[in-house]
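Here's the letter readout for the chains.
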Amino acid sequence: MTDRRQFAPATERNRTPILETLKAWLPESGTVLEVASGSGEHAVFLAPNVKPLKWQPSNFDPEQVNSVTDWIAHSPSENLLPPVRLDVTAAVWPVEAADYMDHPITAIFNANMIHISPWRTAEGLMAGAGRILSEGGRLYLYGPFKIDGEHTAASNIKFEAWLKSLDPEFGVRDIEAVRTEAAKHNLLHKATKPMPANNFMHMFEKA
Ligand SMILES: C[S@@+](CC[C@H](N)C(=O)[O-])C[C@H]1O[C@@H](n2cnc3c(N)ncnc32)[C@H](O)[C@@H]1O
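Residues numbered from 1 in each chain as written. Predicted model: local features only at pLDDT ≥ 70, side-chain atom pairs only at ≥ 80, totals over all residues. Heavy atoms only, no water.

Focus on the site of the ligand
We count it as follows: In this text, near means that some heavy atom of the residue lies within 4 Å of the molecule or strand in question. The term polar contact refers here to a pair of N or O atoms within 3.5 Å; inside protein, the definition further demands a hydrogen-donor-capable atom paired with an acceptor-capable atom, and it admits residues adjacent in sequence only when both atoms are side-chain atoms. Residue exposure ignores everything except the shown protein chains as possible cover, and the areas themselves are Shrake-Rupley values with a 1.4 Å probe. Just so you know the grouping, Ala, Val, Leu, Ile, Met, Phe, Trp, Tyr, Cys and Pro go in nonpolar, Asp, Glu, Lys and Arg go in charged, and all remaining residues, Gly too, go in polar.
Close to the ligand lie 16 residues; Ala-36, Gln-64, Asp-87, Val-88 and Ala-111 are nearest. Side-chain polar atom of Asp-87 to a nitrogen atom of the ligand: 2.9 Å apart, as the coordinates give it. Measuring from an oxygen atom of the ligand, one finds a side-chain N or O atom of Asn-112 at 3.1 Å. Isolated, the ligand exposes 600 Å² of accessible area, and the fraction of that covered by the protein chains is 82%. The residue inventory of the shell around the ligand, partitioned by class, reads 7 nonpolar, 8 polar and 1 charged.

Focus: a nonpolar patch on the surface
Here is the rule we go by: Here a patch means residues that are over 30% exposed by relative accessible area and free of salt bridges, tied together within 9 Å if like-charged and within 5 Å if nonpolar (Val, Leu, Ile, Met, Phe, Trp, Tyr). By definition, a salt bridge exists where a carboxyl oxygen of Asp or Glu is found within 4 Å of a side-chain nitrogen of Lys or Arg. To qualify as a helix, a DSSP run of H or I must reach at least 4 residues; to qualify as a strand, a run of E must reach at least 2; elements of each kind are numbered from the N terminus.
On the surface, Ile-116, Trp-162 and Leu-166 cluster together into a nonpolar patch covering about 290 Å² of accessible area. Counting through the fold element by element, Ile-116 comes out in the loop between β5 (105-111) and α4 (120-132).

With respect to the pattern of salt bridges
For clarity, the threshold we go by: Each residue gets one of three labels from its accessible area relative to the maximum for its type: buried under 20%, exposed over 50%, partly exposed in between, using a 1.4 Å probe on protein chains only.
Scanning the entire structure with this criterion turns up 10 salt bridges. Where Arg-5 meets Asp-3, a salt bridge forms, and the shortest distance between an N and an O atom there is 2.7 Å. For Arg-120, the salt bridge identified is with Glu-169, shortest N-O distance 3.7 Å. Residue Arg-120 is found in helix α4, and its partner Glu-169 is found in the loop between α5 (154-166) and β8 (173-174); the two are separated by 49 residues along the sequence. Residue classification places Arg-120 among the partly exposed positions, given a relative accessible area of 47%. According to the relative accessible area criterion, Glu-169 is partly exposed, its value standing at 43%.

What about the packing of aromatic side chains?
Our working definition: To pair, rings of Phe, Tyr and Trp, with the six-membered ring standing in for Trp, must have centres within 6.5 Å; the planes then decide the type, stacked if under 30 degrees apart, edge-to-face if over 60, and tilted in the middle. Note on criteria: charge over ring means Lys NZ or Arg CZ within 6 Å of the ring centre, with the direction from the centre no more than 35 degrees off the ring normal.
Overall, the coordinates contain 4 aromatic pairs when judged by the stated rule. Ring centres of Trp-25 and Tyr-140 lie 6.4 Å apart, and the angle between their planes is 20 degrees; this geometry places the pair in the stacked category. Within this pair, whereas Trp-25 is found in helix α1 (residues 9-25), its partner Tyr-140 is found in strand β6 (residues 138-143), the two being separated by 115 residues in sequence. Relative accessible area serves as the criterion here: at 13%, Trp-25 is assigned to the buried category. Judged by relative accessible area, which is 0%, Tyr-140 ranks as buried. For the ring pair Trp-55 and Phe-109, a centre distance of 6.1 Å and an interplane angle of 55 degrees mean the geometry is tilted. With Trp-55 in strand β2 (residues 54-56) and Phe-109 in strand β5, this residue pair connects regions lying 54 residues apart in the sequence. Phe-109 carries the same exposure label as Trp-55, and that label is buried. The side chain of Arg-5 reaches across the aromatic face of Trp-71, ending 4.7 Å from its centre.

Describing helix α3 (residues 62-74)
As a reminder, the rule being used: Any helix carries an expected span of 1.5 Å times its number of residues minus one. The contact definition used throughout considers only heavy atoms, calling two residues in contact when any of these lie within 4.5 Å.
Counted at 1.5 Å a residue, the expected span for α3 with its 13 residues is 18 Å, and the 18 Å between its end C-alpha atoms agrees. Next to the buried residues of α3 lie α2 (41-46), β3 (58-59) and β4 (84-85). Sitting at the amino-terminal end of α3 is Asp-61, which places a side-chain oxygen 3.0 Å from the backbone nitrogen of Glu-63.

Here's the deal with the sheet that holds strand β10 (residues 199-206)
The following threshold applies: When DSSP finds two or more bridges between a pair of strands, those strands are recorded as paired. As a rule, the C-alpha atoms of each element are fitted with a line to give its axis, helices using only the stretch in contact, and angles between N-to-C directions run from 0 to 180 degrees.
Spatially, 6 strands are ordered β2-β1-β5-β6-β10-β9 in an open sheet, and the strand pairing comes out mixed. Each having just a single partner strand, β2 and β9 (187-195) make up the two edges of the open sheet. Averaged over all pairs of adjacent strands, the angle between their axes in this sheet comes to 20 degrees, without regard to strand direction. Alignment of β5 against β6, held across 5 bridges, turns out to be parallel. The residue of β6 that forms the bridge with Phe-109 is Tyr-140. Sheet strands in contact with α4 are β1 (31-35), β5, β6, β9 and β10, and its direction is about 155 degrees off that of β6. Here helix α6 (residues 175-183) sits on the sheet in contact with β6, β9 and β10, set at roughly 20 degrees to β10.

A look at the pairing of β1
Along any regular strand, the residues point their side chains to alternate faces of the sheet. Where we set the bar: Looking down the strands as they point away from the viewer, one classifies a crossover as right-handed if the path from the first strand across the helix to the second runs clockwise.
Most of β1 is tucked away: 5 of the 5 residues are buried. Of the two faces of β1, the one carrying Thr-31, Leu-33 and Val-35 and the one carrying Val-32 and Glu-34 are both buried. Bridge analysis of β1 against β2 gives 3 bridges, and the strand direction is parallel. Looking at the pairing, Leu-33 lines up with Gln-56 of β2. With α2 bridging β1 and its parallel neighbour β2, the resulting β-α-β unit is right-handed. With 5 bridges joining them, β1 and β5 adopt parallel strand pairing. What sits directly across from Val-32, in β5, is Ala-107.

Structure, rendered in structure tokens:
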């Protein structure tokens, strides 16, 4: 059978610091929805380390849904759910369907999406998290961010030029703009953790 697993080398470097940060902030029960799971390598690494929570991977790109499926077949964990196809800009996400089996979603994790897609994905992410999370539910957002309009590292200037060469709508987002967007959906910015390689983990909580 064909192996459809994709490989994103950065996930091997950032997965342990991500796990350590999430462990301190995750809820005790329920399901964690991972938005934009990419290859699925984060999902298969993180899920077995956060039991008894369930882990729900998702992807926009069907080929990446297949990659997650094959990663799960390769590295199964009983708390790892089959990936769902999820476009954050959709008005309703599949996990909101009445027949979705793994309610309640008590937390949402998203890594490395909002800078490498148009701003409407940040809007969609916050709108969806606002609809899905109950009071006290948390959203964890990992990636590079600007602070007060400034890059936090010289290397991010080059990185942003590369992003804009892919699509002028891509770009390293200012945390203040993200915070403002989140607040429109009752998601309050509660904590920031600096992460290796000039990244950050931001935690938002539903009021
Ligand atoms: C750089 S990858 C990050 C993947 C993974 N989270 C990681 O850190 O390795 C960016 C991801 O954002 C996803 N993405 C882009 N637009 C999206 C949308 N509208 N809805 C959901 N995911 C989207 C892409 O399909 C891709 O999987």
